[in-house]
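Observations on the three-dimensional arrangement
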Amino acid sequence: MREKVYCANCEHCEVIRIFEPDNSKYVLRVKCSKKRWAKRSGEEKQYKYFTVARRVQQDCPDYAPMGDSNPYIKNLRRELPVKDEIYSMQEGE
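Let us look at the nonpolar core. Counting residues in hydrophobic clusters, the biggest one holds 13 residues, and the most contacted among them are W37, V52 and L76. If sequence neighbours within four positions are ignored, L76 has contacts with A8 and A53.

If you want it as structure tokens, here you go:
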């Protein structure tokens, strides 16, 4: 049986900011820097920050683990917020 490939434990999984139109607030999203997550239209898919611990692939040729996934994924599931958090831009950011 193959071990699950957790995207959150891959070095290509990156957190990005998605800004509101006025650039004063943002939410966090996650994307694959190798563009392995795509919509049917071919457009790049981004996931909500708090769902990344559940993102699993059966196989990924670009998977580059950052360590033992079991404790890391368990911690993410416990610590990530359960819904979007809206962040405000601080002066100087």
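Another aspect to go through is unusual backbone geometry. Here N23, not a glycine, exhibits a phi torsion of approximately 60 degrees, which is positive. A relative accessible area of 49% means that N23 is categorised as partly exposed. One non-glycine residue, K35, lies in positive phi territory at about 60 degrees. Relative to the helices and strands, K35 resides in the loop between β3 (25–32) and β4 (47–48).

The next thing to look at is the pairing of strand β2 (residues 13–19). Both faces of the sheet carry side chains from a regular strand, because those side chains alternate between them. Bridge count for β2 against β3 is seven bridges, and the pairing is antiparallel. Residue V15 lies in a different strand from β3, and its bridge partner there is V30. As consecutive antiparallel partners, β2 and β3 are separated by five residues, and within that stretch N23 has a phi angle of approximately 60 degrees, a positive value.

The rules behind these values
- Residues numbered from 1 in each chain as written.
- Predicted model: local features only at pLDDT ≥ 70, side-chain atom pairs only at ≥ 80, totals over all residues.
- Heavy atoms only, no water.
- Core = buried A, V, L, I, M, F, W, Y, C linked by side-chain atoms within 4.5 Å.
- Buried < 20%, exposed > 50% of the residue type's maximum accessible area, 1.4 Å probe, protein only.
- Contact = heavy atoms within 4.5 Å.
- Helix = DSSP H or I, 4+ residues; strand = E, 2+ residues; numbered from the N terminus.
- Pairing = 2+ DSSP bridges.

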